[in-house]
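Listed below, chain by chain, are the residues.
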Amino acid sequence: ASEAVVWRHSRSAWNPLLRSRAGAFNLWQTIPTIGAYGLRSFVVPYQGVAAGQLLMLGIASRQSGEMDYEPASELWAFVDGAFVPWQQFDNIYGMTGMTALTEGQEVHIVVSVACDALCQSFAAANSNSTQRRRALLATGPSPITTSTVLQWDQRFGQLVFPMALTDTDHEAKFGMPVPDKERAEHSGAVLLNVSGVVHAATVRVGSLTLLALSSESDGVVLMEWDFPRIPGLEGATLVIPDPSDAGFMAVGETSRALVRVRRTPQYDSLGRLVSELTWGETLSEEPLPVDRLQSSRFALVQGLAGAERLDLHPPGCGLVAAANCTAVNASCPPPCEFLLVHSGVPRHTLPCGDAPPVSAVPPHLLVPTYVPPRCSEPVVVVELTSTTSADLFVVPPSIVDGTLTLEPRNGAFGTSQFLAYVEGSDFQYQFAVTVNPVRYPPTFEAVDVVVLEDSGVNVLQFAKNIQTGRAIQTTQHLLGMHFELFLPATGDCASLEAVPAVLPWLGTVYVADGVGYGAVRFKWQANRWGTCRITAVLVDPEESDPLAQRSPQVSFSITALAVNDAPVFTLQYPVLPDVGQASPLVRVEEFVFQLGQIGSQFLGWSLGPYEDFCEEPRVLHRAFPCLCADGVFLGDRSIRCEYNFTIAKIEKQVAPGVFEPDTQVLFNRFEIGSADGNLEYLLNPGRFGTFRITIMMMDDGGTSRGGIDRSFDTVMLTVKQIIVPPSVEGYTEDLYRPLRLPFPLPDVPPAEEDPLMADFADVPLKNITAINLTVPEMHFVVRQVYDDFLTDFVNGPPDQEEANELVLSIVSITNDFLFTQDATANETCTGCPQFNVGGRMGTLAFELTPFAYGVSTIEIELISIGEFGNVTSNFQIDLIVLPVNNPPSATLPDFLGVVEGSGVMEVPMFATNISVGPENEQWQQAMFSIQSEVDTPFLLRSSPVVSFNGSLTLNLTDERHGEGTLTVMLHDDGGRFVGGQSAALGFPKTLPLKVFPLPRVVSLSPCVGPVNAGWTVTVFGQYFGSHYSRNAPWSLLNNSNTSTFEDVAVLVDGMPCQRQVFVSDTQLLCDMPPGRGRKTIDVHVPGGESLSANGDVLSRWNRTGTYASGVVQADIYYAGGATGVTNTEEAGLVAFGPDMTVQPVASCASSSSSNASTTANNATTNSSAEGTCAAPSRPGQPASLSVVPGVGLTRSVRAIMPFQDRVVLGGSFLGGAARHLSYLVSWDGQKVAALAGGVDGTVNSLNRWDGKLVVGGAFSLLYGDQTLGQETLKSGGLGLWNGVEWSMAGGALVHGAVTCTHVQGSLLVVAGRFRKVGNTSASNIAMFDGRRWRALGEGLRARDVLAMAGSEQDLFVAGDISIAGSVQVGNLARWLMVEQEWRPMQEFNAVVRALALVGNRLFVGGDFSLAGILPAGAIAQTVLDGDGEVVWKEMGSVGGSIHSMLYNQGCVYIGGRFDSVAGREGVLAARNAARWCLDGAAETGESW
């Protein structure tokens, strides 16, 4: 499947099938998938979301049968109304489904896997790929190809391998989840040993949970879902390890069990070495379930609860015999015979408290130190067995720590029987609790009684909730009771009378709704008030028990609240004397006074009845006549009264006898002395006229409960007019509105931000005057005129305005820097504010200084000029100049170029010449925002950022390049208040962005070559030079040559490659410099520079691509076969070297080759050399070979030869399914390739002749390239290869096998096991001159011809040879090229396998120990003279046999099967390869 579809059910949707709103499914979401095989949804807890849980959708993928197998199993989470990707399982292959199992807070997922052969092959190929480990699960060393169990990690919200100790278990024990650093210790894979699972489901049978698996190979498999635990370790205090390290024994005192635990070291599924602990055996004092099917052994097991020490006997014994232990191995511990448990008092059965004494045990006997076990907390249970009253107790009785606690229910009585027992023991105890009834005296609750003064006779309730004290209470009993009341005869109680007046007072009882109440009848004397405290006793005359007949005494009060009477006063003057405006304080003596005695002539004031104030005075005054309610004049008696006088209202005369309420303030002060009646008042300036004043007298008796506390009288007052100063009235509304400014001003503290001006730091102006003018800051000089800024001038009252002249002038101006100055006139303020402009007194004009703002206070003066004097008024006006933000500015580069793979990079000075405005705006900050549009997806890993100082930060994605644009916006934080501009002019600006690609080197041709310089190599790759890979946009390049790209540079290990030629964006040519070994190739592509607007370099895009595999330069190649211990099978071996430690000499030897086999380090090696300069190594300086890895040849390589920029390998190796790669391949330094269709048998020899490759061996066919239509040639054991196709030398078939070849000038000599070449008879050796074949005499009689060397005069042939021509020889023969005859040489006692001819010196190697009569250890030399005599000379010896030999640059290189060489220096270790070098040109002083 290519997608998963989610449908959502809507309950009220229209269902067309049912034709009703019965609900329907609607398409909700489509999820792209790859090879979806199964779906599973489940819910998991997750604290990262508000709901606390997530709905998850698992998509199992099983792709098979395709070569591009790509697992894509995923987990999706339902977030914000849709499924989103949550987790991907890259290392679980062949997933077919998921099954969820929930246990408490833990959720486990069983992943079903059916991984076929192709799936497993793909999994193995990707096991070490770091790109495949994107999921958190990919932590193991290899992919998972079988069904497994995963666990939901609530902390990190991922499915992980199960944890033995879960977060739920850890929180229950320690109150916190498993710490992060410990999580890996508890994690381990749970793999199910069932293959080919295509479906899984859970089956529950009772409490048993089974997992059912449907397997392609095993059918249906049922597995029990259980995590094994080791029972019996509860309260473990003693542990003794097994000396054999096979586990341990432990005592769990809580479970009273002895447990044996096995320990098995093993590797888990993640490749980690872990110890698996498994249950072995459990012995317990009581039966203990071990698992679902078995329990512990408990017969005759005692004493484990008090265990103090464990001893194994005999000492040092082992519970389990170690795997390597035998009967004769004395180091193994003997098997244990028994385990001795030392026990004390079992603590688990004792109550908790002080620990009992424990006998001292020597510390060295404790294994480990004894830890006392837990004690027992006894729990006592109390159960009710019988009772006479079901609700006898509020809370059932309980016993804790031996204390009985109970709470009887109020009014309940009876007897209850209880049984007490201790949990977990046989202890029981019965007891009874009896609650007896009680007889009580009557009771009641008293209620205080409150009435008003002079309220007359009252009958009121003073008692409630009357109780008889009897168990059963009736209305008759209540009505038969009465109250006895007792009160004192003094104080306020003397004014209280009972009705009827009898002693003692009696109270009656009445019943309402079954509840008894008490009532009393009384009255207060007239004009009397106060509180009387009364004692009451409830009497039950029918009660026979004297103690229960009368209630306890209870007190209550009867209170009479005073009601105030109105006060009385008299004014002495109905009309006050006239005064003028703004008169000083006026005093009128005895304005309120007393005229005489009591009677109609009495004038003065009274506070009401005597009871109100005379009896209980509030304020102390001087002696003053006071009239009380009883009519008695107190005379000179000192009394205390409290009252005050106020003005009730003021009316102004608007016409004779006509008054209207005065709405303005007349008096600043008006007081009447309460002690002496004197009046003092102070007029409000500016008021005049005739006024009627109503005066109110008020006492402190109040008006509560219907009282009257005030009385009124009137008086007349006339105020004469005076002249007042002028003023300005009728300002416009704008002049009065409150002002808040968005900028700080001097001496004005900052304020919180105003939400209406969110762009500004809002500041309230606390000291701005009521008259103000707000204007914006100016950016140029302009005169501003405000007509009639001040209007409605008032020159006093109308009569004053008609007589006096009004003049306005400016007194002072603050902060005159806000206004223009004349620099030529000593900074005269030419733009300062002026009034009286254009003949209009209130018109204001001024000129502001550009880019200045602040507050200027203008003080003005109004003068009223009259005949008798002048009156002056001063005012202040605040002129507020608000700042207007100027736009910021900056300059950006025209183009930005960077290099692919730069990661997170910072480009300083990306934005330059940054300005936030003029000098007065330097407090602001520039703010850049940037957007990007690119043509390559994910070119940028995150959005670019430009800092306030102009630095650009780019986050480039690796292996991404392309072009795009950057759009930059610029703002400052000055805001847009009063028309300001915060956005820069000319912005946003867009500039091109280019991420230049790194050059990529894909391959070289050739990849191998000589050590000398001058041979040409072709570099293939990408982005070496093109308009896309090299050039910035054309219009932005300044004086740069974009037509050619010849400036690209190729470096070989840092050295320049010579004669470089640019071919195309994907191909370069150059000549190699001299060198040895594998060389890294670097392609350096020059670039350009991105400049800032100020000419600073922002970035450069010079870049280099590296080809690490590089090229191989060597003067000697080695080939052979690495063999095993049995020497029956070989693997191909290719090497080059050795690395030389001195500089090469000026001259070089001619090329030579040898295919003689030797054995070295279990490797059969052949060697071949180009005609290159190679310096000999000085004695003591080691040389080394570089083995070529990854050639992949299965058998031995028997011949090696450089040919046409490649190294050709021949031998017995096979190509497997690729038949054309058997026996003969070419190697380009990295990989091998076939020569057309190859040959059909072993290749023994390779050489070069006439520009062709000579191939000799035990084959019969030369296969052509079928794709080119080439034919197969029946060639025998010899073929010629020109680099394109096969041919035969002279068209002749070699009837047999060729074992070696030699080229001498234009002659080709072949030798082996054959009798005929074409139609020419030849015994094992023949020569071809380019036109025809001919025999060399009678040929050779030999078992093997293994090596040849020669010159224009001589040809030397070596092997296992007995006769050459008619001459008997000893494995080495000599053919005279001029005489055309065979000559013998001193014989060798064993096979000669290798030859090297250097000038007139012949070097011989093989299996021999004698050269002629000279002892020779597998190697010898001779100097050839003209007389033909051969004298062998010693070269030391070789500890083995020599298979190949060649000469190069002063040294003879040998290869074969040996372990040492011996010479003048003694015996030297040599593993199958060595060289023998001359010290200069002399023939003496040679050394290994």
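So, how was this worked out
- Residue positions within a chain follow its written sequence, with the count starting from 1.
- Restriction of local features to residues with pLDDT of at least 70 applies here, the model being predicted, together with a cutoff of 80 or more for giving and counting side-chain atom pairs; totals for whole chains, interfaces and linings are based on all residues.
- Values shown for side chains rest on all heavy atoms present in the structure; no hydrogens or waters enter the calculation.
- When DSSP finds two or more bridges between two strands, those strands count as paired.
- Helix and strand assignments come from DSSP, with helices taken as H or I runs of at least 4 residues and strands as E runs of at least 2, each series counted from the N terminus.
- Here, two cysteine sulfur atoms that lie within 2.5 Å of each other are counted as a disulfide.
- Each residue is placed in one exposure class: buried if its accessible area under a 1.4 Å probe, protein chains only, is under 20% of its type's maximum, exposed if it is over 50%, and partly exposed if it falls in between.
- One side-chain nitrogen of Lys or Arg within 4 Å of one carboxyl oxygen of Asp or Glu is enough to make a salt bridge.
- Residues are treated as being in contact if the distance between any of their heavy atoms lies within 4.5 Å.
- Pairs of N or O atoms are called polar contacts if they sit within 3.5 Å, as long as, within protein, a hydrogen donor faces a hydrogen acceptor (for residues adjacent in sequence, only side-chain-to-side-chain pairs).
- Residue types Ala, Val, Leu, Ile, Met, Phe, Trp, Tyr and Cys, when buried and joined through side-chain atoms within 4.5 Å, form a set referred to as a nonpolar core.
- Each Phe, Tyr or Trp ring (for Trp, its six-membered ring) is paired with any other whose centre lies within 6.5 Å, and the angle between the two planes then decides the class: stacked below 30 degrees, edge-to-face above 60, tilted in between.
- A ring has a charge above it when a Lys NZ or an Arg CZ is no more than 6 Å from the ring centre and no more than 35 degrees off the ring normal.
- Here pLDDT means the predictor's own confidence in every residue, given as a number from 0 to 100.
- A patch is a set of surface residues, each over 30% in relative accessible area and not in a salt bridge, joined within 9 Å for like charges and within 5 Å for the nonpolar side chains Val, Leu, Ile, Met, Phe, Trp and Tyr.
- Per-residue and other accessible areas were derived by the Shrake-Rupley procedure at a 1.4 Å probe size, with only the shown protein chains allowed to occlude residues.
- Think of each axis as a best-fit line through the C-alpha atoms, taken over the contacting stretch in the case of a helix, with angles from 0 to 180 degrees between the N-to-C directions.

Visitor: I'd like a rundown of the sheet that holds strand 57 (residues 904-907), residues and numbers included.
Guide: Spatially, 3 strands are ordered 57-61-60 in an open sheet, and the strand pairing comes out antiparallel. Looking along the sheet, the strands with just one partner apiece sit at the ends: strand 57 and strand 60 (945-946). Judged from the 2 bridges that link them, strand 60 and strand 61 (residues 952-955) form a sheet pairing that is antiparallel. Looking at strand 61, one finds that Val945 is bridged to Thr953.

Visitor: With reference to specific residues and values, describe the state of the cysteines.
Guide: Overall, the coordinates contain 5 disulfides when judged by the stated rule. Sulfur-sulfur distance for the disulfide between Cys317 and Cys336 comes to 1.9 Å. Residues Cys317 and Cys336 share a disulfide whose torsion about the S-S bond is about 95°; that sign makes it right-handed. Here Cys336 lies in the loop between strand 19 (307-313) and strand 20 (338-343) and Cys317 lies in the loop between strand 19 and strand 20, a separation of 19 residues in the sequence. Of the residues examined, Cys336 reaches a relative accessible area of 22% and is grouped as partly exposed. Note that Cys829 is cross-linked by a disulfide to Cys832, the S-S spacing being 1.7 Å. An S-S torsion of about 100° defines the bridge between Cys829 and Cys832 as right-handed. For Cys829, a relative accessible area of 22% translates into the label partly exposed.

Visitor: Let's hear about the pattern of salt bridges: which residues, and what values?
Guide: For the structure on display, the rule yields 25 salt bridges. One salt bridge in this structure joins Arg1374 and Asp1354, with 3.1 Å as the shortest N-O distance. In this pair, Arg1374 sits in strand 99 (residues 1372-1376) while Asp1354 sits in strand 97 (residues 1354-1364), placing the two residues 20 residues apart along the sequence. Considered together, Arg1374 and Asp1354 belong to a single accessibility category, that of buried residues. In this structure, Asp1407 and Arg1393 form a salt bridge, with 2.9 Å as the shortest nitrogen-oxygen distance. Note that Asp1407 is positioned in the loop between strand 102 (1401-1406) and strand 103 (1410-1411) and Arg1393 in strand 101 (residues 1392-1398), a separation of 14 residues in sequence. The partly exposed category is assigned to Asp1407, whose relative accessible area is 31%. Because the salt bridges share partners, they merge into one network encompassing Arg587, Glu589, Arg669, Glu671 and Glu680.

Visitor: I'd like a rundown of the environment of Gly1077, residues and numbers included.
Guide: When you line up the elements, Gly1077 lands in strand 71 (residues 1077-1085). A residue is classified by how much of its surface remains accessible, and Gly1077, at 10% relative accessible area, is buried. Spatially, the C-alpha atom of Gly1077 lies 9.9 Å from that of Gly1110, the residues being 33 residues apart in sequence. Excluding residues within four positions of it along the chain, Gly1077 makes contact with Val1111, Val1112, Gln1113 and Phe1136.

Visitor: A description of the side chain of Asn955 should follow, citing residues and the corresponding values.
Guide: Note that Asn955 resides in strand 61. Of the polar contacts made by the side chain of Asn955, one reaches the side chain of Ser942; its length is 3.4 Å.

Visitor: Which residues make up the nonpolar core, and what are the values?
Guide: Nonpolar side chains in soluble globular proteins tend to end up buried together. Grouped together as the largest cluster of nonpolar side chains are 27 residues, with contacts concentrated most on Leu896, Phe910, Phe928, Leu952, Leu954 and Val968. Among the elements of the structure, strand 56 (896-899), strand 57, strand 59 (926-934), strand 61, strand 62 (962-972) and strand 63 (989-996) are those that each provide at least two residues to this core. Dropping the residues within four chain positions of it, Leu952 is found in contact with Leu896, Met905, Glu906, Val907, Phe910, Ile930, Pro944, Val945, Val946 and Leu966. Counting 26 residues, the second-largest nonpolar core is a separate cluster that includes Leu773, Met778, Leu790 and Leu808.

Visitor: Describe in detail the packing of aromatic side chains, supporting the description with residues and values.
Guide: By the definition in use, this model includes 26 aromatic pairs. Considering the side-chain rings of Tyr510 and Tyr517, the 5.5 Å spacing of their centres and the 20° angle between planes classify their relative orientation as stacked. The partly exposed category is assigned to Tyr510, whose relative accessible area is 32%. Both rings, one in Trp1249 and one in Phe1328, keep their centres 5.6 Å apart while their planes meet at 65°; by these two values the pair is edge-to-face. Pair noted here: Trp1249 is in strand 85 (residues 1242-1249) and Phe1328 is in strand 94 (residues 1325-1328), with a separation of 79 residues, a long-range link. The pair Trp1249 / Phe1328 is uniform in exposure class, with both members buried. One aromatic cluster is present, formed by Phe393, Phe418, Tyr429 and Phe431 through successive ring pairs. Between the NZ or CZ atom of Arg8 and the centre of the ring of Trp28, over which it lies, the distance is 4.4 Å.

Visitor: So what about the confidence of the model for the protein? Which residues, and what values?
Guide: Across the protein, pLDDT averages 79, with 81% of residues at or above 70. Under a pLDDT of 50 for its full length, residues 355-373 has, in the predicted model, 30 contacts with residues more than four places off or in other chains. Per-residue pLDDT stays below 50 along residues 1034-1042; that stretch engages in 9 contacts with residues further than four places along the chain or on separate chains.

Visitor: I'd like a description of a nonpolar patch on the surface, backed by residues and values.
Guide: A grouping of Val5, Trp7, Phe25 and Leu27 is seen on the molecular surface, where their side chains present a nonpolar patch of about 440 Å² in accessible area. Looking at the nonpolar patch, the elements that each hand over two or more residues are strand 1 (3-10) and strand 2 (24-32). Locating Phe25 in the fold gives a position in strand 2. Looking at Phe25, the relative accessible area reads 54%, which means it is exposed.

Visitor: An account of unusual backbone geometry is needed here, citing residue identities and associated values.
Guide: Cis geometry marks the peptide bond from His313 to Pro314, where omega comes out at -5°. As for its position among the elements, Pro314 is in the loop between strand 19 and strand 20. The omega torsion across Phe987 and Pro988 is 5°, close enough to zero to call that bond cis. The residue Pro988 is located in the loop between strand 62 and strand 63 in this model. Within the chain, Tyr1023 stands out as a residue other than glycine whose phi angle is a positive 60°. Mapped onto the elements of the fold, Tyr1023 is located in the loop between strand 66 (1016-1022) and helix 7 (1027-1030).

Visitor: Quick rundown of the sheet that holds strand 63? Include the residues and the values.
Guide: A sheet is described by the order of its strands in space; here 4 strands give the open sequence 56-63-62-59, paired in mixed fashion. Because the sheet does not close on itself, it has two edges, and the strands there are strand 56 and strand 59. Shown here is a sheet whose adjacent strand axes are inclined to one another by a mean of 25°, direction ignored. As paired elements, strand 56 and strand 63 share 4 bridges and run parallel to each other. Paired with Gly897 across the strands is Lys994, a residue of strand 63.

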